[in-house]
Amino acid sequence: MEKKNLINSPVVFDNEHHTYTLNGHSLSGVTPIIAWLFPDTYKGIPQSVLDMAAAHGSMVRSKVELYDSLGVVPDDEYKDFVDSHKWLCEQWGLKIRCSEYLVSDEQYIASCIDKVCEDNSLIDIKSTSKLHVLNVCIQLSIYAMLFEQQNKGEKVPHIYAEWLPKAQYGNAEIRELKRVPAEFCARLVEAFIKGDD
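The structure presented is a predicted model; accordingly, all values stated were derived computationally and were not measured.

(A) A look at the pairing of strand β7 (residues 159–163). Burial analysis of β7 places five of its five residues in the buried class, the great majority of the element. Side chains of β7 alternate between two faces, with Ile 159, Ala 161 and Trp 163 and Tyr 160 and Glu 162 buried alike. Taken together, the five bridges between strand β6 (residues 122–126) and β7 define a ladder with parallel strand orientation. Opposite Lys 126, over in β7, you have Trp 163 as the bridge partner. Crossover connection from β6 via helix α4 (residues 133–150) to parallel β7: handedness right-handed. Pairing of β7 with strand β8 (residues 173–177) involves five bridges; the strand directions are antiparallel.

(B) Quick look at the pattern of salt bridges. Applying the stated criterion across every chain yields a total of nine salt bridges. A salt bridge links Arg 61 to Asp 114, with the nearest nitrogen and oxygen atoms 4.0 Å apart. Of the two residues, Arg 61 is situated in helix α2 (residues 47–70) and Asp 114 in strand β5 (residues 110–117); the sequence distance between them amounts to 53 residues. For Arg 61, a relative accessible area of 27% corresponds to the partly exposed category.

(C) Molecular detail of the side chain of His 56. Tracing the chain through its elements places His 56 in helix α2. A relative accessible area of 12% places His 56 in the buried class. Look past the residues within four positions of His 56 in its chain and what remains in contact with it is Tyr 78, Phe 81, Ser 127 and Lys 166.

(D) Spotlight on the sheet that holds strand β2 (residues 19–22). Taking strand neighbours across the sheet as the criterion, the three strands line up as β1-β2-β3 in an open arrangement whose pairing is antiparallel. Strands at the two margins of the open sheet, each flanked by one partner only, are β1 (12–14) and β3 (25–27). The sheet shows a mean angle of 35° between the axes of neighbouring strands, direction not considered.

About the cut-offs
Residues numbered from 1 in each chain as written. Predicted model: local features only at pLDDT ≥ 70, side-chain atom pairs only at ≥ 80, totals over all residues. Heavy atoms only, no water. Buried < 20%, exposed > 50% of the residue type's maximum accessible area, 1.4 Å probe, protein only. Helix = DSSP H or I, 4+ residues; strand = E, 2+ residues; numbered from the N terminus. Pairing = 2+ DSSP bridges. Right-handed = clockwise from strand over helix to strand, strands pointing away. Salt bridge = Lys/Arg side-chain N within 4 Å of Asp/Glu carboxyl O. Contact = heavy atoms within 4.5 Å. Axes fitted to C-alpha atoms, helices over the stretch in contact; angles between N-to-C directions.

Now the structure itself:
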């Protein structure tokens, strides 16, 4: 049976400024929702350290995307991260369908999913010094809700956190997470948009 093409969102993503817009209207990403829900995750860490970590994470994801789309393995300091990603996907039998897939409710929120697998499972790549499991679980659950809204009739069977840390923080791993129900995710998004506590 031929696999249906995924629906492309009309939302425009500006990678440089990390903003989402639709018909001139700004939409929130999912990351601010997670930061609102878990305000103490990075408490006490200097902004300069957070900025460096964010830049490193972006580079890891871009190198992994280059491998997934073109088979290019870098010959720089990011080679180990790409090799780990390749090995982990092989071990788990995960075949990447696309990277940076943009999903949105076309009203309030939009985000790019790091990886969509052939079976519609979703992967979020983290390169933080610690894997914040609950944070990424809710993040991926919101992604799954948006993915299924955007692609009517399609289901997300699994959600995975792929942790690609620097060597001093631990070994790379993929962890399957238990999805939070879409109804809860929808209420969470609504509370965030309304500015509730």
